[in-house]
Amino acid sequence: MLTKEKYEQFIAILKEELVPAMGCTEPISIAYAAAKARATLGETPLKGKLEVSGNIVKNAKSVVVPHTGGMRGIKSAFAAGMAVGDADARLEVLSNVAGEDNEKIAAFRDSFPLEVVTPDDARIFDIGVTLFSKNHTVYVRIADTHTNVVCVQKDGVTLFQKELADEGKKTDRSVLNVEDIVAFANMVNVEDVKETLERQIQYNMAIAEEGLKNNYGANVGKVLLRSYQPDIKITAKAYAAAASDARMNGCELPVIINSGSGNQGITASVPVIVYAKGLHMSKEKLYRALCVSNLITIHLKSGIGTLSAYCGVVSAGAGAACGVAYLLGGGKDEIEHTLVNALAIDSGIICDGAKASCAAKIATAVESGLLGLNMYYNGNEFYAGDGIVKSGVEKTINSVSRLAHKGMRETDKEIIRIMLEVE
């Protein structure tokens, strides 16, 4: 039952999750940690040490860092944060970097003595930066989520620390369930979510259009429009993929993220926006549908975790299909069956890091979500006992959480080992 307290919690969750970020969030988190360490040091660093978990390596090694003139990878992200980053801007740490700063970033990357290590005892999401200057040593650690600073030390003195499990005032995600999400979308006062969702519409569609206009990565979005008759489904897939094309390959436009990921924020929103436009839906109906898609994505990701071997856009593609179902007049039953069908189709897609092929995985996830939707509207569905499908949507979500969080741990380790092999 959606109580007044839950209503306020759902509003808070949307505001906490749908925030802007520039560039792939893992290298940006490295840049943020580096910028914060540099600001804490207060003088010129002479050398540094960067400790990162395997999952951070996986998601930072191959993507272009924005505002760096095309530089890729961990050391480039670190150098950008150190040389010109704004620690106060958090996930927009590089938003004020100018073109003339590229030479400074490159020079810092190539000359600064930096040791990069992957500790055996690191958490799944873990970044530690140690800087040494003539007179001081500082240490900054971010863990579990992209801006969750858990420790700041200077010369051995702890300036700030909190428990690793403590994410501050973050609202409890366990209040989420599909029935209440649909009820929330039906009753929400759109003024309570308008600013948050309008920003998502503007930011994420802008980068989608940029991805279709210019040459980025593998140009998956453009390939979809050129290779198929562009109906509304193809257009939705193409726009979502094009946004990732741009984002993974150095575009300097920000996106609104979901569950710590720009690709998930794009996938949860852009297909719903394209459908709303194509079906001539009102802005109010779009806002309500985006409440469904975003909150279902967050619900799915809460059990999976921030980073895993399970591709996060699978969750977002399923969430987007639920948003489209809502646009088409679907209620709780239609949305629950769409979600179960979608999760049954493509819950085996692995995450092998952030890079150009993420755009193709987004297109696949959106396709699977829409197939799940169309199956139900044509009188077909998957039933309990079909693989990991259980009786009821929440039990099926729990199955996916177990698969991703527990079952794929060794898969994640092997993916990282494969990615770190010398070519």
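Whatever comes next refers back to the structure up there.
Because the structure is predicted, anything quoted here is derived from the model rather than measured. (Residues numbered from 1 in each chain as written. Predicted model: local features only at pLDDT ≥ 70, side-chain atom pairs only at ≥ 80, totals over all residues. Heavy atoms only, no water.)

Colleague: What's the story with the overall build of the protein chain in this structure? I'm lost.
Modeller: Each helix and strand in the protein chain was counted, giving 16 helices and 8 strands. Rg of the C-alpha trace for the protein chain: 21 Å, near the compact-globule value of 22 Å for 423 residues, within the 12% margin. Once the C-alpha set of the protein chain is aligned to its principal axes, its extents read approximately 70 × 45 × 45 Å. Counting the 423 residues in the protein chain, one finds 58% classified as buried. Here the contacts in the protein chain between residues at least 6 apart in sequence split such that 76% fall between residues at least 24 apart. Accessible surface computed for the protein chain: about 17200 Å², of which carbon and sulfur atoms make up 49%. (Helix = DSSP H or I, 4+ residues; strand = E, 2+ residues; numbered from the N terminus. Rg over C-alpha atoms; globule rule 2.2 N^0.38 Å. Buried < 20%, exposed > 50% of the residue type's maximum accessible area, 1.4 Å probe, protein only. Contact = heavy atoms within 4.5 Å. Areas by Shrake-Rupley, 256 points an atom, 1.4 Å probe, with all protein chains shown as cover.)

Colleague: Just checking my understanding: could you explain helix H5 (residues 102-111) for this structure?
Modeller: Count 3.6 residues to each turn of an α-helix, and residues three or four apart come out pointing the same way. Taken together, the buried positions of H5 are Ile105, Ala106 and Phe108. What you see down the axis of H5 is that its buried residues fit within an arc of 160°, all on one side. Those residues of H5 that are exposed and aimed more than 90 degrees away from the buried face are Glu103, Asp110 and Ser111. (Arc of directions from axis to C-beta.)

Colleague: Teacher, can you tell me more about the packing of aromatic side chains here?
Modeller: The way to describe two aromatic rings as a pair is by their centre distance and the angle between their planes. Per the counting criterion, the structure on display carries 5 aromatic pairs. With centroids separated by 5.4 Å and ring planes inclined at 55°, the aromatic side chains of Tyr7 and Phe184 adopt a geometry described as tilted. Residue Tyr7 is located in helix H1 (residues 4-17), and its partner Phe184 is located in helix H6 (residues 178-187); the two are separated by 177 residues in the primary sequence. The residues Tyr7 and Phe184 share a single accessibility class, namely buried. Summarising the aromatic geometry, the rings of Phe10 and Phe184 are spaced 5.4 Å apart at their centres and angled 65° between planes, so their arrangement reads as edge-to-face. With Phe10 in helix H1 and Phe184 in helix H6, the pair connects residues that are 174 residues apart, well separated along the chain. (Phe/Tyr/Trp six-rings, centres within 6.5 Å; stacked < 30°, edge-to-face > 60°.)

Colleague: Please explain helix H9 (residues 232-248) as it appears in this structure.
Modeller: Counted at 1.5 Å a residue, the expected span for H9 with its 17 residues is 24 Å, and the 24 Å between its end C-alpha atoms agrees. When you tally the buried positions in H9, you get 14 out of 17 residues, the bulk of the element. (Expected span 1.5 Å × (residues − 1).)

Colleague: What is the right way to look at the environment of Val57 in this model?
Modeller: Tracing the chain through its elements places Val57 in helix H3 (residues 54-60). Along the backbone, Val57 and Glu163 are 106 residues apart, and their C-alpha atoms lie at a distance of 24 Å. Residues contacting Val57, with those up to four places away along its chain left out, are Val52, Ile74, Thr118 and Leu420.

Colleague: I keep staring at the packing of helix H2 (residues 25-41) against helix H4 (residues 74-84) and nothing clicks. Help me out?
Modeller: A pair of packed helices can be characterised by two numbers: the angle between their axes and the separation between those axes. Two numbers describe how H2 lies on H4: the axes approach to 7 Å, and their chain directions differ by 40°. The orientation of H2 with respect to H4, classified from their angle, is oblique. Crossing hand, H2 versus H4: right-handed. Facing Pro27, Ile30, Ala31, Ala34, Ala35 and Arg38 of H2, the residues of H4 in contact are Ile74, Ala77, Phe78, Gly81 and Met82. For the contact of H2 with H4, a count of residues per class yields 9 nonpolar, 1 polar and 1 charged. (Axes fitted to C-alpha atoms, helices over the stretch in contact; angles between N-to-C directions. Parallel < 35°, antiparallel > 145°, perpendicular 65-115°, else oblique. Left-handed = near helix turned anticlockwise from the far one by under 90°. Nonpolar A, V, L, I, M, F, W, Y, C, P; charged D, E, K, R; others polar.)

Colleague: Help me understand the packing of helix H8 (residues 220-227) against H9, please; the structure alone is not making it clear to me.
Modeller: Where H8 contacts H9, the two axes come as close as 6 Å, and the packing angle between them is 155°. It follows from the interaxial angle that H8 and H9 lie roughly antiparallel. Residue-level inspection shows Val220, Gly221, Leu224 and Leu225 of H8 in contact with H9, the latter providing Ile234, Thr235, Lys237, Ala238, Ala241, Ala242 and Asp245. Across the contact of H8 with H9, the residue classes tally to 7 nonpolar, 2 polar and 2 charged.

Colleague: Can you help me understand the pattern of salt bridges in this one?
Modeller: Tallied over the entire structure, the rule returns 17 salt bridges. Arg173 is paired through a salt bridge with Glu16; the nearest N and O atoms lie 2.6 Å apart. Placement of the pair is Arg173 in the loop between strand S7 (157-161) and H6 and Glu16 in helix H1, with a sequence separation of 157 residues. Look at Arg173 and you get buried, because its relative accessible area is 10%. Judged by relative accessible area, Glu16 falls into the partly exposed class, the value being 29%. Across the pair Arg123 and Asp144 runs a salt bridge whose closest N-O atoms are separated by 2.8 Å. Note that Arg123 is positioned in the loop between strand S3 (114-117) and strand S4 (126-132) and Asp144 in the loop between strand S5 (137-143) and strand S6 (149-154), a separation of 21 residues in sequence. Connected through shared salt-bridge partners, Glu16, Glu17 and Arg173 make up one network. (Salt bridge = Lys/Arg side-chain N within 4 Å of Asp/Glu carboxyl O.)

Colleague: What am I meant to see in the sheet that holds S4 here?
Modeller: Backbone hydrogen bonds are what pair the strands of a sheet, in a parallel or an antiparallel way. On the basis of which strands lie adjacent, the open sheet formed by 6 strands has the order S3-S2-S4-S5-S6-S7 and mixed pairing. A strand with exactly one partner marks an edge of an open sheet, and here the two such strands are S3 and S7. This sheet shows a mean twist of 10° between the axes of neighbouring strands, independent of strand direction. Where S4 lies against S5, 7 bridges are found, and the strand directions are antiparallel. Note that in S5 the partner of Leu131 across the bridge is Val138. (Pairing = 2+ DSSP bridges.)

Colleague: Help me understand the side chain of Glu336, please; the structure alone is not making it clear to me.
Modeller: Here Glu336 lies in helix H13 (residues 332-346). In this structure Glu336 touches Val178 and Val393, once residues within four positions along its chain are discounted.

Colleague: Which parts of the structure should I look at to understand the pairing of S7?
Modeller: The side chains of a regular strand alternate between both faces of the sheet. With 4 bridges connecting them, S6 and S7 associate as antiparallel partners. What sits directly across from Cys151, in S7, is Gln161. In textbook terms, the turn of a hairpin is the stretch between consecutive antiparallel strands, and for S6 and S7 this stretch comprises 2 residues, one of which, Asp155, has a positive phi near 55°.

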